[in-house]
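Examination of the molecular architecture
Residue strings, one per chain:
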Amino acid sequence: MSPSFFEIVQLSNGDYALRRIDDDNAPLVKISFSDEAREMMGDRDMSVAKAMIAAGIETAGTMSHDIDWEDDELDVSDAQPAYTLH
């Protein structure tokens, strides 16, 4: 299997996305900022999006060591709400 290369692009609606260079399917990750957030960041929104994507990739890599990939059964009681409050 050949290695995949990724790129961060700005979409026509102003959102940022991480996608494979050789794949026109839906992006792997999208980041959307509110107008208020964009105003607070000034022209640094691309830098913030890059940092968020980098942190996500690092965290996913760390977490993948803790995942039991053999557990294919999903218990209905494990269902999560549509949002997570932090």
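Keep in mind that this is a model prediction, so the values were computed, not measured.

In space, the 3 strands of this open sheet follow the order S1-S2-S3, with antiparallel pairing throughout. Here the strands that pair on one side only, and so sit at the sheet edges, are strand S1 (6–10) and strand S3 (29–31). Across the sheet, the mean angle from the axis of one strand to that of its neighbour is 25°, orientation sign disregarded. Strand direction decides the pairing type here: strand S2 (residues 16–20) and S3, joined by 3 bridges, are antiparallel. For leucine 18, the partnering residue across the bridge sits in S3 and is valine 29. On top of the sheet, helix H2 (residues 45–63) reaches S1, S2 and S3; it is set at about 50° to S2, its chief contact.

Moving on to the nonpolar core. Counting 7 residues, the largest nonpolar core consists of Tyr16, Leu18, Ile31, Phe33, Met41, Ala49 and Ile53. Where this core is concerned, the elements lending two or more residues are S2 and H2.

Once that is clear, we can look at the side chain of aspartate 45. Looking at the element boundaries, aspartate 45 is found in helix H2. Judged by relative accessible area, aspartate 45 falls into the buried class, the value being 11%. Only 2.7 Å separates the side chain of aspartate 45 from the side chain of arginine 38, close enough to count as a polar contact. Setting aside residues no more than four positions away along its own chain, aspartate 45 makes contact with Tyr16, Phe33 and Arg38.

Take the pattern of salt bridges next. Per the stated rule, a full pass over the model turns up 2 salt bridges. When the shortest N-O distance is used, the salt bridge between glutamate 7 and arginine 19 registers 2.8 Å. With glutamate 7 in strand S1 and arginine 19 in strand S2, this residue pair connects regions lying 12 residues apart in the sequence. A relative accessible area of 25% means that glutamate 7 is categorised as partly exposed. Where aspartate 45 meets arginine 38, a salt bridge forms, and the shortest distance between an N and an O atom there is 2.7 Å.

Cut-offs used in this document
Residues numbered from 1 in each chain as written. Predicted model: local features only at pLDDT ≥ 70, side-chain atom pairs only at ≥ 80, totals over all residues. Heavy atoms only, no water. Pairing = 2+ DSSP bridges. Helix = DSSP H or I, 4+ residues; strand = E, 2+ residues; numbered from the N terminus. Axes fitted to C-alpha atoms, helices over the stretch in contact; angles between N-to-C directions. Contact = heavy atoms within 4.5 Å. Core = buried A, V, L, I, M, F, W, Y, C linked by side-chain atoms within 4.5 Å. Buried < 20%, exposed > 50% of the residue type's maximum accessible area, 1.4 Å probe, protein only. Polar contact = N/O pair within 3.5 Å; in protein donor to acceptor, adjacent residues only side chain to side chain. Salt bridge = Lys/Arg side-chain N within 4 Å of Asp/Glu carboxyl O.

Keep in mind that these numbers describe shape and distance, not what the molecule does.
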